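Examination of the molecular architecture
Listed below are the residues making up each chain.
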Amino acid sequence: MIKARQVLTSIALMAFGLRSAYADYTLNLGKGVTQQSGEIYDLHMWVLWVCVFIGIAVFGAMFYSIYHHRKSKGHEAAQFHGSTKVEIIWSIIPFVILVVMAVPATKLVLELDDVQDSEMTIKVTGWQWKWQYEYIDEEPSFFSNLDAASNEARQVGSGIDPRTIPNYLLEVDKPLVVPIDTKIRFLFTAGDVIHSWWVPDLGWKKDAIPGFINEAWTIIDKPGVYRGQCTELCGQDHAFMPVVLVALEKDEYDDWLDNYPENGAASYPEGTWESKAVCAGSECTKDELMTIGETVYSNNCASCHMPGGEGLEGTFPAMTVSPIVTGEIEKQIDLMLKGKEMMPAFNQSITDVEFAAVVTYTRNALGNSVGDMVQPSEIVALKSK
């Protein structure tokens, strides 16, 4: 029945020139992998069955009365003008039911805000369109972007079938890595517009608001990879800033933390990612900058300026033969640092190495051949002015 309904819906949508995508069909709220999500699920089920019982009682009495006291059986409607006693009763009963439901709900809401006795703290900053994770009192600090495969497939005219991409739009280049059985405190803010960090298996979501700090906490019960998304409409690439959380056993997490690269690049526990900070702390060669810059451009610039740098006429300027990109390098850097109109500022959302790399790449690729380059140390100097 469900499959048939989905097929019919798809046909109807295609008839109007629309496309749709279906996730796995689920009937109920998920239990999640935390104590909080389990308590939320239990409360949800309890309230659901209370509502089911009320619905059966009310509609059962109504349908019984309609059927057994119908006019065709000779019944006549009674003529009366209300009853104070009945009105008091049917006001008190719903009030008592609401209070009974409100007590555990209020207790759970207060519990969700209790970040006391946390064992570690992670600051989450939303940027257009990526997440920044900073482990307070620990070394890791990095940005998490949409993975390269999804980013390439989503581009207009890519010719790639998204169904061939594992976890399409739900994979990142660097996930948030945390230990299980540990009370983790999260601090949420944003560097530009309002975002919202959501991993369904944790049982909650929190807004990330510029100039404001929101708090939340969790204790994850079992290891695994848990995925989520930004749930606030934060700009044109809102759909392309997923959340991936990797929960490890405590000893595995300690190993990951001990082996965390000193250059500040996050490494995936399975070792499937390469560090993008190839020349951090030293002078970069032009080839290194071009290699890194191509990835940075693809992750941060291609959705507006197009993969080949041709831009969108009337909306986003072309990078190819652009007077900004082919002109004075300091002016291009200043524009990227401060942002302008729809273009976000990149002064904090990418590393100094990535900043130098993407500037070098745009001036020597995408139909441009200025021939110059900029070092990360020069970006640091310009930021400090």
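Each remark here, short or long, concerns the structure printed above.
Presented here is an overview of the structure given in this document. (Residues numbered from 1 in each chain as written. Predicted model: local features only at pLDDT ≥ 70, side-chain atom pairs only at ≥ 80, totals over all residues. Heavy atoms only, no water.)

What follows deals with the sheet that holds strand 9 (residues 224-230). Strand order in the open sheet made by the five strands is 4-10-9-6-7, with mixed pairing throughout. Both outer strands of the open sheet, strand 4 (176-179) and strand 7 (204-208), are each paired with one neighbouring strand and no more. Pairs of neighbouring strands in the sheet enclose a mean axial angle of 25 degrees, with direction left out of account. The pairing of strand 6 (residues 195-199) with strand 9 spans two bridges and is classified as antiparallel. (Pairing = 2+ DSSP bridges. Helix = DSSP H or I, 4+ residues; strand = E, 2+ residues; numbered from the N terminus. Axes fitted to C-alpha atoms, helices over the stretch in contact; angles between N-to-C directions.)

Attention shifts here to unusual backbone geometry. For the bond running from Gln128 to Trp129, omega is 0 degrees, close enough to zero to count as cis. Of note in this structure, Met306 is not a glycine but carries a positive phi near 75 degrees. Mapping Met306 onto the fold places it in the loop between helix 7 (302-305) and helix 8 (329-338). By relative accessible area, which is 11% here, Met306 ends up buried. A positive phi angle is found at Leu366, which is not glycine, with a value near 60 degrees. Look at Leu366 and you get buried, because its relative accessible area is 12%. (Buried < 20%, exposed > 50% of the residue type's maximum accessible area, 1.4 Å probe, protein only.)

Turning to the packing of aromatic side chains, a few remarks are in order. Taken as a whole, this structure holds 12 aromatic pairs when the rule is applied. Consider the rings of Tyr133 and Phe142, whose centres lie 5.9 Å apart with planes at 65 degrees: the pair is edge-to-face. Each residue in the set Tyr133, Tyr135, Phe142, Tyr253 and Trp256 is aromatic and connected to the rest through ring pairs, giving one cluster. Lying over the aromatic face of Tyr67, Arg70 brings its terminal NZ or CZ to 4.4 Å of the ring centre. (Phe/Tyr/Trp six-rings, centres within 6.5 Å; stacked < 30°, edge-to-face > 60°. Lys NZ or Arg CZ within 6 Å of the ring centre and 35° of its normal.)

All right, on to the nonpolar core then. Core analysis: the largest hydrophobic core is formed by 39 residues, its most contacted members being Ile122, Tyr135, Leu176, Phe186, Trp197, Ile220 and Leu245. Counting residues per element, this core draws most heavily on strand 10 (residues 242-248), which supplies six residues. Each residue touching Tyr135, except ones within four places of it in the same chain, is listed here: Met120, Thr121, Ile122, Pro140, Phe142, Leu176, Val177, Tyr253 and Trp256. Ranked by size, the runner-up nonpolar core spans 27 residues in total, among them Ile292, Cys301, Val325 and Val374. (Core = buried A, V, L, I, M, F, W, Y, C linked by side-chain atoms within 4.5 Å. Contact = heavy atoms within 4.5 Å.)

This next bit is on the pairing of strand 10. Of all seven residues in strand 10, seven are buried, a share of seventy percent or more. Burial along strand 10 is two-sided: the face carrying Pro242, Val244, Val246 and Leu248 and the face carrying Val243, Leu245 and Ala247 are both buried. Here strand 4 runs beside strand 10; their pairing, made up of four bridges, is parallel. The residue bridging Leu176 from the neighbouring strand is Leu245, located in strand 10. Of the strand pairs in this sheet, strand 9 and strand 10 are connected by six bridges, and their pairing is antiparallel. Looking across to strand 10, one finds that Gln229 is bridged to Pro242.

This paragraph deals with the sheet that holds strand 3 (residues 141-144). Pairing is mixed in the open sheet, where five strands are placed in the order 3-2-1-5-8. On the outer flanks of this sheet lie strand 3 and strand 8 (214-218), each paired with one strand and no other. Each strand axis lies, on average, 25 degrees off the axis of its neighbour in the sheet, ignoring direction. Pairing of strand 2 (residues 130-136) with strand 3 involves four bridges; the strand directions are antiparallel. Bridging from a neighbouring strand, Gln132 pairs with Phe143 of strand 3.

Time to look at the environment of Trp197. Looking at the element boundaries, Trp197 is found in strand 6. Residue classification places Trp197 among the buried positions, given a relative accessible area of 0%. Linking Trp197 and Thr125, residues 72 residues apart in sequence, is a C-alpha distance of 9.4 Å. Within the local environment of Trp197, its side chain forms a polar contact with the side chain of Tyr133, the two groups lying 3.1 Å apart. (Polar contact = N/O pair within 3.5 Å; in protein donor to acceptor, adjacent residues only side chain to side chain.)

What follows deals with the side chain of Thr218. Here Thr218 shows up in strand 8. Owing to a relative accessible area of 0%, Thr218 belongs among the buried residues under this scheme. A polar atom in the side chain of Thr218 sits 3.4 Å from the side chain of Gln36. Residues in contact with Thr218, not counting those within four places in the same chain, are Thr34, Gln36, Thr182, Lys183, Ile184, Phe186, Leu202 and Trp204.

Here we take up the packing of helix 9 (residues 352-364) against helix 10 (residues 376-383). It is the contact of helix 9 with helix 10, at a shortest axis distance of 8 Å, that shows an interaxial angle of 105 degrees. Relative to helix 10, the element helix 9 is oriented roughly perpendicular. Contacts between helix 9 and helix 10 involve Asp352, Val353, Phe355 and Ala356 from the first element and Pro376, Ile379, Val380 and Lys383 from the second. The class makeup of the residues in the contact of helix 9 with helix 10 is six nonpolar, no polar and two charged. (Parallel < 35°, antiparallel > 145°, perpendicular 65-115°, else oblique. Nonpolar A, V, L, I, M, F, W, Y, C, P; charged D, E, K, R; others polar.)

This part takes up the pattern of salt bridges. Taken as a whole and assessed by the stated rule, the structure comprises nine salt bridges. The closest approach of N and O atoms between Asp113 and Lys206, which form a salt bridge, is 3.8 Å. Note that Asp113 is positioned in the loop between helix 3 (84-112) and strand 1 (120-127) and Lys206 in strand 7, a separation of 93 residues in sequence. Residue Arg363 pairs with Asp372 through a salt bridge whose shortest N-O separation is 3.0 Å. (Salt bridge = Lys/Arg side-chain N within 4 Å of Asp/Glu carboxyl O.)

Take it as geometry only, folks, not as evidence of what the structure does.
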